[in-house]
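Below are the chains, spelled out letter by letter.
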Amino acid sequence: MYNFSPIKILCCWILSLTGLIGATTWADTPGFISGGYVTNQPLSITGSKGWSFFNSSTSNSGNYMAVTQLGVFDQGGDGLANSHAVGIWAVDGTLLASTTIPAGTVAPLVDGYRYMPITPVFISPGAFPGVLNPFKVAIAAEYSADDADDLVTPIRGATVDPVFSTTYLGSPFYGVYGVGTGLPFPDQHLPAPEGGFALQFLEVNFQFNVVQVPEPSVTFLLAPGLLYLSLRRCK
């Protein structure tokens, strides 16, 4: 006779849950590909500079974007003159994750940006439908005024995945900055031209995975049978 103890049943249930959490569809992928740079110097401040975005679509609500790495632009790919703290924030200014990109060539170079890993930050399509506030998710890097690593203006190239580029990196997509030492929350943006959006500070980029979350009904279908076996054993 099989020994279906309550502990064993519980373990099986936990394993079924963990096995259904999700599946990563590909390895880390840059949010956008570098389009090179122009030689004019961007806004020069001591503080943080980057960009923010929010999802205005409810499509693909079963998928999550897991931001796994943050990075900064390295002109010429020959190493950074200074180290740079990089962070990702929620709408209320909560710092969700951060890392430091060290000077030199220590951090891996991927398509013009040097990256370091973070504890994954999960963002779901459909989480912010109909919200007008642009500062829903922001990423920014720390720079000093006239920083040797910030003398040119990076240009955004293509995004890798068309679904997620439309959902996340399409309009609205604002440039943001924060003034101060350390890594201040980037809660300001330059005035945008009429009908347009604020200048994007593409000195910072991220890498992400796409995680598919299965329907919870599969797990709940298993629950009654497991519970029955557990109660039968207890009797």
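Definitions and limits used
Positions within a chain are numbered from 1, following the residues in the order the chain's sequence is written. Reporting of local features is limited, given that this is a predicted model, to residues whose pLDDT is at least 70; pairs of side-chain atoms are given and counted only at 80 or more, and all residues count toward the totals for whole chains, interfaces and linings. The basis for every side-chain value is the complete set of heavy atoms in the structure, and neither hydrogens nor water enter the calculation. Two rings belonging to Phe, Tyr or Trp (six-membered ring only in the last case) form a pair when the distance between their centres is within 6.5 Å. Interplanar angles under 30 degrees mark stacking, angles over 60 mark edge-to-face geometry, and anything in between is tilted. Numbering of helices and strands runs from the N terminus, with a helix taken as a DSSP run of H or I at least four residues long and a strand as a DSSP run of E at least two residues long. Remark: exposure states derive from per-residue accessible area (1.4 Å probe, protein chains only) relative to the maximum for the residue type, with buried under 20%, exposed over 50%, and partly exposed in between. To form a nonpolar core, buried Ala, Val, Leu, Ile, Met, Phe, Trp, Tyr and Cys residues must be joined to one another through side-chain atoms within 4.5 Å. By definition in these notes, contact holds between two residues if any of their heavy atoms fall within 4.5 Å. For every residue, the predictor assigns a confidence score, pLDDT, that lies between 0 and 100. Here a salt bridge means any side-chain nitrogen of Lys or Arg lying within 4 Å of a carboxyl oxygen belonging to Asp or Glu.

## Topic: the packing of aromatic side chains
Within this structure, the stated rule accounts for nine aromatic pairs. Here the aromatic rings of Phe-73 and Tyr-113 are separated by 5.4 Å at their centres, their planes lie at 65 degrees, and the arrangement is edge-to-face. Residue Phe-73 is located in strand 5 (residues 63-73), and its partner Tyr-113 is located in strand 9 (residues 113-123); the two are separated by 40 residues in the primary sequence. Summarising the burial analysis for this pair, Phe-73 and Tyr-113 share the class buried. Between Tyr-113 and Tyr-115, the aromatic rings sit 6.4 Å apart at their centres with planes inclined by 40 degrees, giving tilted as the arrangement.

## Some words on the nonpolar core
Grouped together as the largest cluster of nonpolar side chains are 29 residues, with contacts concentrated most on Trp-51, Val-67, Leu-70, Ile-88 and Phe-206. Of all the secondary structure elements, the ones that give two or more residues to this core are strand 4 (47-53), strand 5, strand 6 (84-90), strand 7 (95-101), strand 9, strand 10 (137-143) and strand 13 (204-212). Apart from residues no more than four positions distant in its own chain, Val-67 is found in contact with Ile-88, Ile-118, Thr-119, Pro-120, Val-121, Ile-123, Phe-206, Gln-207 and Phe-208.

## Concerning the confidence of the model for the protein
A residue-level look at the protein finds 60% of positions with pLDDT of 70 or above and a mean pLDDT of 74. Predicted confidence for residues 8-24 stays below pLDDT 50, and this span has 25 contacts to residues more than four positions away or in other chains.

## With respect to the pattern of salt bridges
Oppositely charged side chains can pair when the atoms bearing their charge come close. Per the stated rule, a full pass over the model turns up three salt bridges. One salt bridge connects Glu-203 with Lys-49, and the closest N-O pair in it is separated by 3.1 Å. A residue pair is termed long-range when its members are at least 10 positions apart, and Glu-203 in the loop between strand 12 (173-179) and strand 13 and Lys-49 in strand 4 qualify at 154 residues. Both residues of the pair, Glu-203 and Lys-49, belong to the buried class. Of the charged contacts in the structure, one is a salt bridge between Asp-74 and Arg-114, with a shortest N-O distance of 2.7 Å. One end of the pair, Asp-74, is in the loop between strand 5 and strand 6; the other, Arg-114, is in strand 9, and 40 residues separate them in sequence. The two residues Asp-74 and Arg-114 agree in class, both being buried. In the salt-bridge network here, residues are joined through shared partners; they are Lys-49, Asp-150 and Glu-203.

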